[in-house]
Each structure stands twice: as C-alpha cells, then as structure tokens.
Amino acid sequence: VKTRKAVTVLTYLHGLKEAQLVMDDLKVKGLDIDLIELRTLKPLDMETIRESLQRTNKLCILDESTKSGGVGATISSRVSEELFDLLDAPVMRLCMS
C-alpha cells in the first residue's frame, strides 16, 4: 500500500459493479484501492474493515442510499466510534441517490 495514495472503499450490491468499472483508471492514476464488498450488513464485518484501515488509514463508503439516514451513515458512525484511531482523514461517503 502506497502511503497517502491508499484508500479503503466499502460498498455493497450495485456499488460493487460501479467501483469495479473505475478500478483500473484509479490504479493508473496511482491510487491504491482496497475494495471491500460488504456481503452482510448485520453483522457488519468490522474485523475486515479494521484490517484494511490498518493498511490504508482512509475510508470511502460507496452507498446506494441517501447520504442522510442510509447504510453508509451507519457504517461511518460505527467506524468513527470503534476505529477512529486508524483514520488519517474523515470518512467520506459517496451516495448514489
């Protein structure tokens, strides 16, 4: 993982397809993406998220929902509460709707 150019991207369902469409372009631009597909939201796989954040220290959530009250908001809250010390920047959420 290249320092400062690495980010963990969390997504689920259709977000995975969208993320995969741009992965090659992002790599060409020098970004090191750790893509995690959330197969379950309850329970949320916090251990996988922790392992990735230990490498990247940044999190972007690609969410199909709205920015307010959606799945990404809940995940962001959990990460901020439980894994804050692993973050070098605020959690970013990219919402599709």
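For the structure, see preceding data.
Residues numbered from 1 in each chain as written. Predicted model: local features only at pLDDT ≥ 70, side-chain atom pairs only at ≥ 80, totals over all residues. Heavy atoms only, no water.

Asker: Would you mind going over the packing of helix H2 (residues 46-56) against helix H3 (residues 71-82) in detail, with residue names and values included?
Answerer: At their nearest, the axes of H2 and H3 sit 12 Å apart, and the two run at 65 degrees to each other. Viewed along their axes, H2 and H3 form a crossing whose handedness is right-handed. Contact residues: Met46, Ile49 and Leu53 in H2; Arg78, Val79 and Glu82 in H3. Considering only residue class, the contact of H2 with H3 consists of four nonpolar, no polar and two charged. (Axes fitted to C-alpha atoms, helices over the stretch in contact; angles between N-to-C directions. Helix = DSSP H or I, 4+ residues; strand = E, 2+ residues; numbered from the N terminus. Left-handed = near helix turned anticlockwise from the far one by under 90°. Contact = heavy atoms within 4.5 Å. Nonpolar A, V, L, I, M, F, W, Y, C, P; charged D, E, K, R; others polar.)

Asker: How would you sum up the nonpolar core? Please name residues and give values.
Answerer: Within the largest apolar cluster, 16 residues are counted, with the highest numbers of intra-cluster contacts made by Leu10, Ile49, Leu53, Leu59 and Val79. Among the elements of the structure, H2, strand S3 (59-63) and H3 are those that each provide at least two residues to this core. Those residues in contact with Val79 that sit more than four places away from it in its chain are Met46, Ile49, Leu53, Leu59, Phe84, Leu87 and Val91. Counting residues in each nonpolar core, the second largest holds seven residues, with Val9, Ala19, Ile33 and Leu62 among its members. (Core = buried A, V, L, I, M, F, W, Y, C linked by side-chain atoms within 4.5 Å. Buried < 20%, exposed > 50% of the residue type's maximum accessible area, 1.4 Å probe, protein only.)

Asker: Would you mind going over the sheet that holds S3 in detail, with residue names and values included?
Answerer: Across the sheet, four strands lie side by side as S2-S1-S3-S4; this open sheet has parallel pairing. Because the sheet does not close on itself, it has two edges, and the strands there are strand S2 (32-37) and strand S4 (92-95). The sheet shows a mean angle of 20 degrees between the axes of neighbouring strands, taken without regard to direction. Packed on one face of the sheet, H3 meets strand S1 (6-11), S3 and S4 and runs near 160 degrees to S3. (Pairing = 2+ DSSP bridges.)

So far we have only geometry, and geometry alone does not tell us how the molecule works.
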